[in-house]
Each structure stands twice: as C-alpha cells, then as structure tokens.
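Coordinate inspection notes
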Amino acid sequence: MEFDVVVVGAGPAGSVAAWAAAEAGCDVLVLERKAEVGVPKQCAEGISAHGLEHAGIEPQDEWIATEISRALIYAPNGKEFEVPGDGYVLERRVFDKWLVVRAVEAGAEVKLLARARRALVDDGRVVGVEYEGVDGVHEVRARVTIAADGIESRIGRTAGLVPPLKPTEICTCAQYEMIGVDVEEDATHFFVDAEFFPGGYFWIFPKGEGRANVGVGIRGSESEPGDALKVLNRALEDHELISEAVAEAVPVEVNVGGVPVCGPVGRTYGDGILVVGDAARQVNPVTGGGLHTSLVCGRIAGEVAAEAIEEDDTSATFLKQYQDQWKEEFGDTFGCAREVAEILPELNLEEVVEFLSSVENLEELLRTSGILEDIWWG
Ligand SMILES: Cc1cc2nc3c(=O)[nH]c(=O)nc-3n(C[C@H](O)[C@H](O)[C@H](O)COP(=O)(O)OP(=O)(O)OC[C@H]3O[C@@H](n4cnc5c(N)ncnc54)[C@H](O)[C@@H]3O)c2cc1C
C-alpha cells in the first residue's frame, strides 16, 4: 500500500491533520487502533471558545454538552477565585467522530483496529509504518508519516523523535462521569490542595442537567500506579467542598489516562515525518489541556505535509516549517506555562487566592489582558 500521507491515530490531532491534508488533495490513510473513534474518552472535555475559533472549527450543537463562562478555582481553605473566560464542555465521543468524518468527507481512508507497531526507517528517513490489522501485519508506505498516536507515541519513539516520559513529566488521571452533581453549571471548577492532590488538581466540569466529569490528575513522581483512582475516591468522601457537590451523585463511566506535562519535544519533524498533539507533548503544562493545541497543530501538520508533497520535498529541512508555524501560533504559551507549573508547588495557594480575590477590577483586568486565558486555557 502506498499513500501520500499516513496518519497514525484518529484523535483530534490526527483527524484534523488528515482532514487538512485530504482537503489539499493528498491521498491519506488514517490508522486507528481502537474499534470506535472517540471511545472510551480519556478527557474532561473542556475547551475554550478561543481554542475552537483558533482551530477554525465552528461550534456544533451535536458535540457541545454545555457552555461555560468562567472557571472557579478553590484554595485549600475554601476561598475561591474566578477566572472569566468563555468555553465549552464537549462530548468527545461525538466530537472525535465528527472530526474523522470531516477527514473522510475530504477523501481520507480510515482503518480501525489497526495498531501501528513501528516507523519504517530507510537510510535515516521515515517511509511509512508497520501495523497490525485484523488480518495480520502489513506495511504502509507514505511520503509523509504523521505521528498523532497520543501519549505513548510508538511511532514518534521508533522514529527517534520522542523520548520516554519520566515520572515527573506525567500527570496520572482518574475521572468519573457522574449524574446528580450539584455545582454551578456555567463554570468549570478546579480544586487545588497539595495534600489531597500532590502536584496536580481536582476538577468538576459540568455537562448539563447534573451530569459532570469529576476527576483528578496527580504527578507521576508523587504517586504509584492506581493511586489516582484512590485519590479520586478519597476526595469524593472526605474533601469538604467536593463531597458536598457529589453527595447525591452516581458514576456512570470511569476514565483513566495520563497527560504529558513536560512541554513539547525539541524536534517535532524529521525526514518524512511530523509528530503532533500529545505525541509531541503539545500540552499546556499548567492545566494539562491539549485539545486546543492538538487541533491547531494538527491542522498545520496536515497543511505542511500537503505542501511538501506538492513541492516534492519531504525532507526535514522542508518539514521544519511545521515546527516554525506552530511555535509562531503559540508564542511563548508553553514556556510561560512551564514556568508557572514549576513555581506552583512552591506557592502558598491560600495566600495567592486571597491576594487575587482582593484585587479591584480583577475580572476586567483579566478579560482585557488575556494573560490568564493564555496560561489556563493554552
Ligand atoms: C483524564 C484526562 C482529562 C483531560 N481533560 C482535558 C480537558 O478537559 N481539556 C483539554 O484540552 N485536554 C484534556 N486532556 C488532554 C487531551 O485529552 C489530549 O491532549 C488530547 O486528546 C490530545 O489529542 P491527540 O489527538 O494528540 O491524542 P489522543 O486523543 O490521545 O488520540 C490519539 C489516538 O491515537 C490512537 N493510537 C495510539 N497509539 C496507536 C497506534 N500504535 N496505532 C494506531 N492508533 C493509535 C489512540 O487510540 C487515539 O485514538 C485530558 C487528558 C486526560 C487523560
């Protein structure tokens, strides 16, 4: 099999990349290991209105669960601090499928239950991938390979671009989707408390009519495998504000997963290959949010791959444009967020929240400066 572009992974990054490349006229194949795109979700499903707009995606009723106008951040002493900002809580199950359908409508082919095993490397250049499908092991050759295969990124690793994550570079997460949650539904709710949630935070993201994603992320270096679910269960029982919000709530779904919080890898391109989304660690190190960045970087990856094919130059020198462009789009957001992530554990959050809640006209200041929107929402 030979294609212009093979995309590994039909998450947001991969589907948008495939959509952009197919729309530009490329023959595109998407390989996805799961049986159903978007299922199970490993996400709290929050995205800013700015993030969607930046990615050029028009909000659709079919995948918006609820609209948000602010984030509420709670300090350990119960004091709260409001960050204004419009956003959405999505239905990723529907959203991810909607994106892959856009790619298919633009002409891409999709293979499900197709697990990519390694990048095919010929004389230092990536020339496709080997994958295992329902009928055995195959090779797909492509002029550009896009590794959009999430946190594990087997393709990014076997191409030599993505180093393994250290425990300090991962947040391990556990989440329930619950019904009967009692919180204000126009806000996302973040709870910080170094004792309860070491190196991370707890969230409640409402999905309307009492449904909500209720979860926690903690630093891999401060936890053992399986700890996140224990921390989640303990907070539901013992954390004063959280236990009150979920007193009548029942879980209908369990989601677990990891988030890379180290900031992007140094090189997201090579001869014949681009790496995008969680695979490239394009995740905001403060919030763990990666939807906005995956969508924007995915589009750029698809466009640059198509230009490379048009110009008949898929060398690293040409494909570097992808990295230049996504860096330009995000400016210093990743660097700034990484610095904030590093100092957060040193701060007395009770004092920070008390200080911020005492600043006059804070809401107006934040709305017009856009500083916190950049840091919190990526
Ligand atoms: C618990 C949790 C909560 C989160 N909440 C938020 C949030 O509220 N807002 C936000 O912005 N971000 C959030 N994130 C992060 C966000 O989910 C990711 O940044 C985003 O999904 C990245 O998109 P992606 O396409 O790069 O990767 P993914 O969504 O992980 O997609 C990768 C795809 O590749 C497939 N794949 C992997 N390996 C292979 C292989 N070898 N062969 C074929 N296919 C393969 C996978 O099955 C998957 O479909 C959260 C993450 C977690 C874990």
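This write-up is about the structure you can find in this document.

Our next topic: the pattern of salt bridges. The final tally for this structure, using the stated rule, is 26 salt bridges. D96 is paired through a salt bridge with R92; the nearest N and O atoms lie 2.8 Å apart. Here R92 and D96 lie together in helix α3 (residues 92–105), a separation of 4 residues that amounts to about one turn. Judged on exposure class, the residue D96 and its partner R92 are both buried. Note that R141 is salt-bridged to E139, the shortest N-O span being 3.5 Å. Bridged by salt links that share partners, the residues K41, E45, E91, R93, E177, K207, R211 and E253 form one connected network.

On to the site of the ligand. E32, A44, G46, A116 and D278 are the nearest of the 33 residues found near the ligand. At 3.2 Å from an oxygen atom of the ligand is found a main-chain nitrogen or oxygen belonging to P12. Contacts to the ligand include E32, whose side-chain N or O atom sits 2.6 Å from an oxygen atom. Where the shell around the ligand is concerned, the elements lending two or more residues are α1 (12–23), β7 (115–122), β14 (250–260) and α7 (291–310).

Moving on to unusual backbone geometry. The residue after V39, namely P40, is reached through a cis peptide bond having omega -5 degrees. Within the fold, P40 resides in the loop between β2 (28–31) and β3 (46–48). Positive phi, normally seen in glycine, also occurs at L113, with a value near 50 degrees. Its relative accessible area of 42% is what places L113 among the partly exposed residues.

What follows covers the sheet that holds β3. What the 8 strands build is an open sheet, ordered β3-β5-β4-β11-β12-β13-β10-β14; its pairing is mixed. At either end of the open sheet lies a strand with only one pairing partner, and these are β3 and β14. Each strand of the sheet is rotated relative to its neighbour by a mean of 30 degrees, with strand direction disregarded. Relative to strand β11 (residues 187–191), strand β4 (residues 64–74) runs parallel, the two sharing 5 bridges. In the strand pairing of β11, I73 is matched with F190. Across the sheet, helix α5 (residues 227–238) lies against β10 (170–179), β12 (201–208), β13 (211–219) and β14, angled at about 45 degrees from β10, the strand it touches most.

It is worth spelling out the environment of V137 at this point. Structurally, the position occupied by V137 is in strand β9 (residues 136–147). The exposure class of V137 is partly exposed, given its relative accessible area of 44%. Distance from V137 to V265, taken between C-alpha atoms, is 29 Å for residues 128 residues apart in sequence.

This brings us to the packing of aromatic side chains. Think of a pair of aromatic rings as described by two things: how far the centres are apart, and how the planes are tilted against each other in angle. Following the criterion strictly, the structure yields 10 aromatic pairs and no others. Measuring from centroid to centroid gives 5.5 Å for W63 and W98, while their planes differ by 65 degrees, and the two rings are edge-to-face. One end of the pair, W63, is in the loop between α2 (49–54) and β4; the other, W98, is in helix α3, with 35 residues separating them in the sequence. Summarising the burial analysis for this pair, W63 and W98 share the class buried. Ring centres of Y74 and F191 lie 4.6 Å apart, and the angle between their planes is 10 degrees; on these two criteria the pair is classed as stacked. Of this pair, Y74 sits in strand β4 while F191 sits in strand β11, and the two are 117 residues apart along the sequence. Residues Y74 and F191 agree in their burial class; the two are buried. Here the aromatic residues Y74, F191, F196, F197 and F202 are joined through ring pairs into a cluster of three or more.

Rules and cut-offs
Residues numbered from 1 in each chain as written. Predicted model: local features only at pLDDT ≥ 70, side-chain atom pairs only at ≥ 80, totals over all residues. Heavy atoms only, no water. Salt bridge = Lys/Arg side-chain N within 4 Å of Asp/Glu carboxyl O. Helix = DSSP H or I, 4+ residues; strand = E, 2+ residues; numbered from the N terminus. Buried < 20%, exposed > 50% of the residue type's maximum accessible area, 1.4 Å probe, protein only. Near = heavy atom within 4 Å. Polar contact = N/O pair within 3.5 Å; in protein donor to acceptor, adjacent residues only side chain to side chain. Pairing = 2+ DSSP bridges. Axes fitted to C-alpha atoms, helices over the stretch in contact; angles between N-to-C directions. Contact = heavy atoms within 4.5 Å. Phe/Tyr/Trp six-rings, centres within 6.5 Å; stacked < 30°, edge-to-face > 60°.

In short, the description is geometric, and any link to function would need to be established separately.
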